[in-house]
Amino acid sequence: MHLLAQDLVNGILAGGILAVVALGFSLVWGIMNIINLAHGAFIMLGAFITWQLFTSFHVDPFLSLPVSFVVLFVLGYLIQRYLINWVARAPVLTTFLLTFGLSLLIVNIALLIWTGDTRGVTTAYSGSNFTVAGITVPWAKVYTLAAALVITGVMYMWLHRSKTGRAIRATSMDIGAAQLAGVRVAQIFAIVYGLGAGLAGVAGTLISLSYSLNPAMGQPFLIKGFVVCVLGGLGSVEGALVGGLAYGIVEAFASQIDLTIGTQHISGTGLQDAVALVVLLIVLMVRPTGIMGRATA
Amino acid sequence: MSTALRKIGLGGITGNRTALFISLGLMVLLLLVPTVLPGYQTLFRTILCFVALAYGWNIIGGYTGYVSFGNMVFFGLGTYCAALLSARGIDNLFADVGLAVVVNAAFAAVVGFPVLRLKGHYFGIATLGTALAVTDIVGNLDIFGGTGGLKVTQVDEAHFAIYYYAAWLVAAGAIAVTFLVARSKLGYAFVAIRENEDAAAVLGISATKYKIIAWAISAAIAGAAGAVYARGNGFVDPSIAFAEDFNVYPIVMTILGGTGTVAGPFVGALILSGVNETLGHTFLKLHSLFFGAVIVLVVLLLPRGLVWLIGLRGGVRTWIKSLQAYKA
Amino acid sequence: MRISDIGMRFGGLWALSEVSFDVERGSVVGLIGPNGSGKTTLMNVISGVYKPTTGEVRYAGKRIADVPAYDVCHLGIARTFQIVKPFASLSTRENVAVGAMYGRNGAKRSTRASFERAQELLEIVGLARVADRPAAELTIPDRKRLEVAKALALDPDVLLLDEVMAGLNATEVEEALELLRDVNRRGVTLIVVEHLMKAIVSISTTIVVLAEGRKIAQGAPSEVLASPQVIEAYLGSRWVKRQEQLKEIEAQRAEAMRIQPPEATA
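In this report, the structure presented in the accompanying data block is examined. Only a predicted model underlies this, so the values are computations on that prediction, with no experimental measurement involved.

## Quick word on the overall build of chain B
Step number 1: Secondary structure summary: chain B contains 17 helices and two strands in total.
Step number 2: Burial status across chain B gives 57% buried among its 328 residues.
Step number 3: In chain B, of all internal contacts separated by at least 6 residues, the share reaching a separation of at least 24 is 80%.

## Considering helix α4 (residues 41-63) of chain B
Residues and elements named next belong to chain B.
Step number 1: Between its terminal C-alpha atoms α4 stretches 31 Å, which fits the 33 Å expected from 23 residues at 1.5 Å a residue.
Step number 2: Along α4, the largest kink reaches about 35° and is centred on Trp57.
Step number 3: Counting buried residues along α4, 18 of its 23 residues qualify, which places the element largely inside the surrounding structure.
Step number 4: Downstream of α4 by a residue or two, Gly65 has a phi angle that is positive, lying close to 75°.

## Details of the interface of chain A and chain B
Step number 1: Listed per partner, the contact involves 43 residues of chain A and 38 residues of chain B.
Step number 2: Among the elements of the structure, α4 (92-114), α9 (218-232), β4 (264-267) and α11 (272-286) of chain A are those that each provide at least two residues to the side of chain A that touches chain B.
Step number 3: Take the side of chain A that touches chain B: its biggest share by element is 14 residues, from α4(A).
Step number 4: Across the side of chain A that touches chain B, the residue classes tally to 32 nonpolar, nine polar and two charged.

## Concerning the pairing of strand β4 (residues 54-59) of chain C
All names here are of chain C.
Step number 1: The sheet contact formed by β4 and strand β5 (residues 62-63) spans two bridges and is antiparallel. Residue pairing for β5: Arg58 is matched across the bridge by Arg63.
Step number 2: In sequence, β4 turns back onto β5 through a hairpin of two residues, with Ala60 there showing a positive phi of about 50°.

## Quick look at the environment of A:Ser103
All names here are of chain A.
Step number 1: Looking at the secondary structure, you find Ser103 in helix α4.
Step number 2: Counting along the chain gives 63 residues from Ser103 to Gly40, while the straight-line C-alpha distance between them is 7.6 Å.
Step number 3: With residues near it in sequence (within four places) discarded, Ser103 still touches Leu37, Ala38, Gly40 and Ala41.

## What about the interface of chain B and chain C?
Step number 1: Between chain B and chain C, the contact holds 19 residues from the first and 23 residues from the second.
Step number 2: Taken together, the elements giving at least two residues each to the side of chain B that touches chain C come down to α9 (185-195) and α10 (197-202) of chain B.
Step number 3: Among the elements that make up the side of chain B that touches chain C, the one with the highest residue count is α9(B) (six residues).
Step number 4: Among the residues making up the side of chain B that touches chain C, the classes are represented as 10 nonpolar, six polar and three charged.

Each value, and the rule that gives it
- Residues numbered from 1 in each chain as written.
- Chains lettered and ligands numbered in written order.
- Predicted model: local features only at pLDDT ≥ 70, side-chain atom pairs only at ≥ 80, totals over all residues.
- Helix = DSSP H or I, 4+ residues; strand = E, 2+ residues; numbered from the N terminus.
- Buried ≥ 20, exposed ≤ 12 C-beta atoms within 10 Å, placed from the backbone.
- Contact = placed C-beta atoms within 7 Å.
- Expected span 1.5 Å × (residues − 1).
- Bend = angle between axes of the 7 residues up to and from the residue.
- Nonpolar A, V, L, I, M, F, W, Y, C, P; charged D, E, K, R; others polar.
- Pairing = 2+ DSSP bridges.

None of this, on its own, says anything about what the molecule does.
Written as structure tokens, this is what we have:
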């Protein structure tokens, strides 16, 4: 029982990050119908920017949040404006492959710059915990969750209150109507993609506190982000949040799996990707439109 | 001659005829490698495996339009089929390939059933997830030898060429299958699904059924390539069987050469292998970087692939015009 | 075909309610109604794209809703779409051939036979001259012809045509009508949704009128068009009232003129 509660807490803490990961991915997918395979690469870049700032200038990771957001936003904006836009009217396959190629490029450039060594960000508070009712809660993860919730909240407000935010939502509902209302759709697309990248960067920064870093780290998060979107539905902040937390909890429970079949030992922690896949398959078979709707074409 | 060819559908979804004949010619030349260039046997054997993989991917990704990032799973499973057979003392290439084909086609059909109901790129990410998941699982299970890997029995040095010819046969088989599919009703079903899945349904094509068929064929080819590769390599472990390269290269090769054509994967495979070899010795780390750049450039500038370019009339101007076609 | 008590609800809105009529073999049924009356929704229900919330469509003893989307054409029902979406990178002939390969009689046809059948159909619809061009290069009228050809490749008994004349000029409309008459003569029952009154009237044996999701009239063209309810549906009750008022005024004026001596009206 006590173990379950610990898992629950761990799950929620991890889920916050997943929500941010999924949010960026979901916006681009829901509004532009682009599955951005470079999302993982963007996450990785955000993490490494944080690491670099931390290692070279001793900047606290939380302070580098704005930096990773801005850098990735600009990168995303430029990529969309000058590369993806070039094949905007091509079949979806084309854009899909393009983001794949970009992902390869970015990851490998990162490999050149930072080499394949695994790194970490260890701050003064990295190791400290507090205990509540027998459950250990690391401070770093609490801060991360708080940051994630704040970011999610800010995004929600912005999308619903600001002029650009409303323009974005209008575009996602009906491009034609939005255009007639004076929205510059091309500009919106570039902003949305930039936003997706920026959010990925932010997620990367948050991830750097709890996970180890290497250029290939983005891939699993891409998959999880996808699964969370399927779980929580597209284009909605609430969906990403609910989906992310739900997934985090499932993953935490799954990591408890510690079976021995015959001489075969199976441990849940090594099988994280398999867990993601299984969850995905189950959800798709049971409810093809995702738990909160709108996941399939 | 050309009207006759046109009447049987050649030149339509089969792709450029010139490129096709050149490719076939080169394939025949490749038969000579063990005798003429024995030192390069291993290299060309690997290239032939890539050719087969590219053709496998072309069926599901090129013709049906469903990008799969999971085909390396089939390759990997194929290698393990050979390894497991070897562990049980069965050292027959036909058995290897046979088992690999059956296992992978079945696996594709089973996994494909829920996953292929998704459309387009949803499928793509699901395959990526499958790839990562299977890599995890295999790495963790002992019957697969865990991370230590398994040894695969081989024939003696003198008869090594047999593995080359086996690889050649698999590649040739892949080309033949693609050719037959492209000319048959099946090929048209695939293309119809790629062009407009809903319109295809209206015309009587059950998309899920044909997508599963396409993926099963694709899987069988990749599996066969894997089995042969395992025998030729003598050793199998998760890092080899599920190497990123086997996932990415075939895709890049097919895109470069031309998706949805019969000659495309071959052309792409040869060119990229050639470049890879030349670069590989001087710039070891730049493989994937290079391939990433190739993908981006090809997608932006040459989305229909090189084979299209070969058949193009009107030269540079038509090409430039085609670039404008997709702009927003 | 028997269409019984069809109701279709989207969210809180009933797009169709209690629509019933029979379609006789060999006839041409014109489906008309003001915008938003549910014509395309009804077409979608008949062709199996939507499953009706209530009611059923029966054809050849089967309920269409029970048949999966790709199997509908095997029953003998084919349709064209308002927004044409051909297989862009295939040639015109190949587009039609796909229908011949997988449609009703497709299983028995070889690839070659399918292409031959496609060629025949192209000649019937008048597309033989562009048979080898990629479908993406066709003009709008030609694309519409292609839609019809693809539908015919399915060897249908019933053909549903959704606004096939939209965007055509007068000559093209005439040609299209001639083509449809020809198709009907060959034994295909047609259900046509169209906005062009003249076109519908000249080709239909029966007309069904929908308004706000309900069937408000059914019958021979002349009766239906004269029916006051139909006129009211299209032109609105205020217009109808106004017409009546005008008639009243006219009648009164005529009365007044009769009473007055002729000289006073000079």
